Every structure is written in C-alpha cells, then in structure tokens.
Amino acid sequence: MIRRFDYGTPLPTDALVQEIPLCGETLPFFTVAKTENGLTFTYPLGREELIYGLGETVRGINKRGHIYRSWNSDEFSHHEDKQSLYASHNLLIFSGEGKPFGVFFDDPGEVIFDLGYTGADTAAITSVNGDLRLYLIEEDSLNAIVRSFRQAIGQCYLPPKWAFGYIQSRWGYAADGEVRTIVNEHRSRHIPLDGVCMDIDYMVDYKDFSWNKEAFPDLRQLSADMKQEHIRLIPIIDAGVKQQEGYDVCDEGLRNGYFCTCEDGTPFVGAVWPGRSYFPDFFRPEVREWFGKKYHGLMEQGIEGFWNDMNEPALFYSERGIAEARQELTKLLDMNLGLDAFFHLKDVLMGMQNNRRDYASFYHKYAGQQVRHDRVHNLYGGFMTRAAHEGLRSYDPDKRHLIFSRASYVGAHRWGGVWQGDNTSWWSHILMNLKMLPSLNMCGFLYTGADLGGFSGNTTEDLLLRWLQLGVFTPLMRNHSALHTRDQEIYRFGMQEDMKNILTVRYALLPYLYSEFMKNALTGGSMFRPLAFDYPEDAAALRIEDQLMLGEGCMIAPVYEQNARGRNVYLPEDMLLVRFRSAEDYCLIPMEKGRHWIDLDLNEMPLFIRKGCIVPLSRGGEWVEAVDFDTLTLLGWLDGDAAYAIYNDDGTVAAPVLADGLREIRVRTADGKAAAEAQGLTVDAAKLIVG
Ligand code: GLC
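Residues numbered from 1 in each chain as written. Predicted model: local features only at pLDDT ≥ 70, side-chain atom pairs only at ≥ 80, totals over all residues. Heavy atoms only, no water.

Undergrad: Got a minute to help me understand the site of the ligand in this structure?
TA: Around the ligand sit Trp-171, Asp-199, Ile-200, Ile-236, Trp-273, Trp-307, Asp-309, Arg-406, Trp-419, Asp-422, Phe-455 and His-480, and those are all the residues in its vicinity. A distance of 2.5 Å is found between an oxygen atom of the ligand and a side-chain nitrogen or oxygen belonging to Asp-199. Here an oxygen atom of the ligand sits 2.9 Å away from a polar atom, N or O, in the side chain of His-480. Here the ligand has 310 Å² of accessible area as a free molecule, and 98% of this is covered by the chains. If you map the ligand onto the pockets, it falls in the largest pocket. Within the shell around the ligand, the residues separate by chemical class into 7 nonpolar, 1 polar and 4 charged. (Near = heavy atom within 4 Å. Polar contact = N/O pair within 3.5 Å; in protein donor to acceptor, adjacent residues only side chain to side chain. Areas by Shrake-Rupley, 256 points an atom, 1.4 Å probe, with all protein chains shown as cover. 1 Å grid on protein atoms, 1.4 Å probe; cavity = no way out; pocket = protein on both sides within 12 Å on 5 of 7 lines; lining within 4 Å. Sits in = over half its atoms within 2 Å of the grid points. Nonpolar A, V, L, I, M, F, W, Y, C, P; charged D, E, K, R; others polar.)

Structure (structure tokens):
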C-alpha cells in the first residue's frame, strides 16, 4: 500500500507513473517541523534498525550513520566523505523491529538525509524547498516494498541485448584508425567485445552532434565496418552547447529560446569542456523534442547507442564566477600570501566550479511558471536522458537503443541506464560500486555498472582483473578510463589471458543474466539484492555488506582486496560454489550454510548457486549475437526436481512481452541422477549435482 502526503506546493517530477491520491491522514512514524534548513521529517531509529535505499551514493548498503545530500554533483574522484554524487534517488527503506516501511521524498531540490549522523538514534530528513510529495510504502517484506515502489514509478528502461556485451571506452580515443586498432587488438586475441565508446575527442571543439571530419573522414563507413565485426560505436553527448555563432545547435537554440535563462530572460552562460556554453531547458517538451532529434544525425551514420554526460549539469565557471575571481585575484596576487590569504585564493579558484550561486541564478520554464534552477536541480540530467530516449525512439520506434547517463533522478530509470560516475583506480572502489548495485535496483535503475579498472588514477593489472570479476555480473560492463591515465585496455597487460578468460564467463552466463535482467525489469523486481532482503530472519545475513543476491538463484562475493588469494563468505543456506577460471575451466563445490574461507587465485572468481536452483550456461561467444541461448549446460546442486524459466528475444524488440520470451527448463531427479527437458532447447544436465 502506498499513501501520499503533500507539503507546501510540490512541483511535478514525473517520478511516478501511478496516480496515488492524497491521503487525508496524519503521516505516521515521523514528526514534521520547519527548521532553519527547510522542512524536517524526524524519525527515531531503533537500536538495530537498518536503512536501505538512496540509489547511487557512497558508503554502505545500510545507509545508517552518515549524512547524504540529494544534489546532483559532478564529483570527479569521489570518496566516502562525499555527501552527494551524480544522482538523487530519494527512497529510504527502514527495517527495524516492527514491519519495514519505505518512504520516497519526491522533491527535485536539495534534500538532506541525516541518517543517524548528528544523533545516532535519529533520522532527520530535510527538504530545503519545503515543497514535496512524500510517499509512504507499507508492505509485508523488504522485497515487497521495492516491488510496490517500482510499480508506482513504472517499468525501467530496456537496453538492446548487444548492450550486455563488453564495452571498451577511454577518454582520448580521437580517430577512426584508433577505433579500428582497438577492435583489431581485441578480435585478433579473441577477447570478447561488443562496443567501443567515443568520448568527447570525436567532436569538433567539444560541440554536441558534431564530429571531426579529419579524424573521422567517413563515420558511416567506420560504423558499418564495425557492425561487420559485431561492434557498436557509442558516442558521448554533453549537456552544455558551445556558445558559437554559426554552430547550428547554438544558433537554433538561441533563435527559438530553447536555453535556460537568467532572471532577465537572457540565456544563461556557463562553461564546460567547450568553454562558454548554453544549457538546453530540457524541462520543456518542445526543447526535448528538438534536442532529441539532434541525435538522428549520428544515427544516420549507423550509431545505435549514446551516453549522456555532464548533465547535473556540471559548471566549470560562470560569468559571475569569473568576474568575482578576477577581482579577488587582482587583490590577492599583490599580497604576501600567508595562511589565510593563500587558502582563500585557493577557495576563490576552486569555488568557481559547480558553485551553488550559479545554480540559483538561472531559470526553467516549467509547469507554467518560471522556476529557479536550484528548486528543481536534480531533474535536469534525467530530463536530458528523456530527450535522448524520446529522440532515439522517434528515429526507430520498433527498436531498443542504448542510452546511459551520468546524472539522474527517480523517473529517469524509465528513459535510460546510468553508469556510476567517475570512480578511481582504488581497491575500495570495487566495493563501493558493488554496494551501489542493490540500492540502484531498488530505485528502478537496472541497467548500470561502474567504470571497470577505475576512471581516474592509474590502474594495475590485478585491480582490473578483480574489477572485471565483479563486472561480469553488471548489465553495463564497460572498461573506461580518464585522459592521461595509464592505458587500460585488456590487451595492454601481461594478465590479458586471465582477463579474457574472465570475459568468457560473462558471455557464458548471458542467458542467465539476460533472463534475470528482463524478468526483473518487466515485473519490477531487483536483479541485485542485499542478503537481508532474501533472508530477513537470518541475523548474520542482515549485516553482510560485500555479497549480493543476483537474480533468482545466485549469490556473488567478489574479491576486492589487493593481494588477496581468497575471501571470507557467509552462506545463508547451502549453496554450490562455482569457481570459474573461464567458461570452460571451472569446478563445482557443494558448500553448507555458514561461514567459510574460500581460496581464490587472482584468476579465479566465485559464483554461488542456491541449493535447488539451476543456472544455465551457454558456450559463450566473442560477441553477444554469437551466443547461442538454445544450447545450454545446467549448473546446480539439487535435492529434488527443479525448474528455471529462461528468457530470450531478438534483442531489439521495443516492447517485449515476458510470456512470449519465457521457456521452462525442467529437471527431474531420481537415483542420484538428473534428467532435463526444455522446449526447443538443447540442455545438458550432466554437470548437475544431485544429493
Ligand atoms: C566526465 C565523464 C567521463 C568522461 C569525461 C570526458 O568526467 O564522467 O566519463 O570520460 O567527462 O568526457
């Protein structure tokens, strides 16, 4: 059951698709009061109460003990002290002594979540706007709360099947020849690959929808040649539009008044990669339509996927910021800089970037009013993704396209996926990215993944290898790194054979991963869940922060520590450990419920299958379309009959029907042996362990 409570004059966010009528009762659980920062909802936390949710955030799966701030931020090289990242997903789920409940603070402005930080026994959530809709979700279990919320916010975005393949990316790929070389290096070594991302360097002066005709003399040919190799090109599109006369996107935007404006109605200017830029007012349908159709130019060259970036929106500086800095600099640079003056100088310069005063200085035309940006800040990135999604759909309504974004708010899960932002080549970030997965799923974002190997900083080969061992399971599996960092493509490293072998596991598992993605996407379930969600009665499972349930039958527990040759694992029930070196080289070890140390060499990764469940394994392939979903080996440890519903479709159909794609695999066990039957599939049950 979901109940709605309104405060002040809420602005629409389009987070929900379900109409929930206003509830006339008083909000239970919370006390509500005006405070100096806004409107605060206070809830007393039970001693052992856990808090889930908040989607893309740092720190634990259990959010208790830290302060988070919903304010979409360009947080290059973030760490656990950060309160905000690129996205705002205002769902909390409280799980204490009584029945668990969820709360969604539907507020597009800044919201501060003090979750036992100021006072260990208090959660205080403050809406700075003071205008919001609050949805209270009460169901019998944690999983039921998520399903109920997900039903209210609508079906998540579905990528094409090829987007489940391995994608190679790097900031710095700048020419046709370079893309071809990367692909050749993978193909000649039989390293699986399905896509190559093109970062800002493919453009002319970082201008959206342009491409450098010298570096890419025939983009259509390149993209056709790549498709022959079963590779898709995935160019980046940024939110800021370069201010330049004669640049069509800029000229059209100005002529039609499509950009965000200052208070006096003149277009707002902020700087990003191209220097001074304008920002499309994605809040207006006509602007979204115009911008969305701009993607068609690249699609005519054969492009089928994009990533949207810098859409918090990131602002390097504004005219105001530059003017103030200039004034301060003139003053400061003539001084003999001591402690205070020097740090002030630093603040002046650093403070120009993503400055709050800039976000409070421009406006949208939204919901029939002129709305100051900071009141609706967190919607901007999602609405850009919406523009792209609608544009891509209008180009080819029958087909799914790849689109993923950096910034988002709940609602944007219907229009695209998200990647987890600019992480760093640190071991701790493997774990950070793992912890984001279930929280993102709760908030509707199923197509997600992190920059494998780490974005900023220099990776090491053991770090990349271990990170790939987590990436095997994430729907978006992309290796991405920043300009001027060490080359990070698999073939650069001595351990490339081990990395390739790990990729073969991904492709072999595709029938399971794709089935679990589609089944959960189409029914509002989570592909990744904290153990607590599936084993609420198991006190040990409640506190596990480095293992996740994956789909119906699996648990994952990757290694995330340098030089580790294994790890501790808690099994909440009997499970079959599959220790993979590659899709062909693995061993099966039945293990009992409880705590275990598992040996795992650097080139080995574990997958745990719940006793009684079946996981289908394909023979893999070097690209997604080569994977045969119909010829399968079954893995599992059974003590009776079992079944698994596998899903498949053509990989591109825009509105897939779950029932049409499902086929049941049935296994019967007798006398210590298993026999399988599955309509239209060839299944091998010889690897199933019975007993
Ligand atoms: C941003 C993105 C990153 C990209 C870079 C250059 O930092 O998050 O992925 O490589 O911009 O476009």
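Undergrad: Even after reading the chapter, I still don't get the sheet that holds strand E11 (residues 132-138), so can you show me in this structure?
TA: The strands making up a sheet associate through hydrogen bonds between their backbones, and the pairing can be parallel or antiparallel. Read from one edge to the other, the open sheet built from 5 strands follows the order E1-E11-E8-E7-E4, with strand pairing classed as antiparallel. Both outer strands of the open sheet, strand E1 (2-7) and strand E4 (50-53), are each paired with one neighbouring strand and no more. For this sheet the average axis-to-axis angle between neighbouring strands, irrespective of direction, equals 20 degrees. Examined bridge by bridge, strand E8 (residues 101-106) and E11 share 6 bridges and lie antiparallel to one another. Bridge pairing links Phe-104 to Tyr-135 in E11. Contacting E1, E4, strand E7 (91-95), E8 and E11, helix H1 (residues 142-153) crosses the sheet at an angle of about 160 degrees to E7. (Pairing = 2+ DSSP bridges. Helix = DSSP H or I, 4+ residues; strand = E, 2+ residues; numbered from the N terminus. Axes fitted to C-alpha atoms, helices over the stretch in contact; angles between N-to-C directions. Contact = heavy atoms within 4.5 Å.)

Undergrad: Would you mind showing me how to read the pairing of strand E22 (residues 402-405) here?
TA: Remark: a regular strand shows side chains that alternate across the two faces of the sheet. Burial along E22 is two-sided: Leu-402 and Phe-404 and Ile-403 and Ser-405, pointing in opposite directions, are all buried. By the bridge criterion, 4 bridges tie strand E18 (residues 305-309) to E22 in an arrangement that is parallel. Bridging across to E22, Phe-306 finds its partner in Ile-403. The sheet contact formed by E22 and strand E24 (residues 417-419) spans 2 bridges and is parallel. (Buried < 20%, exposed > 50% of the residue type's maximum accessible area, 1.4 Å probe, protein only.)

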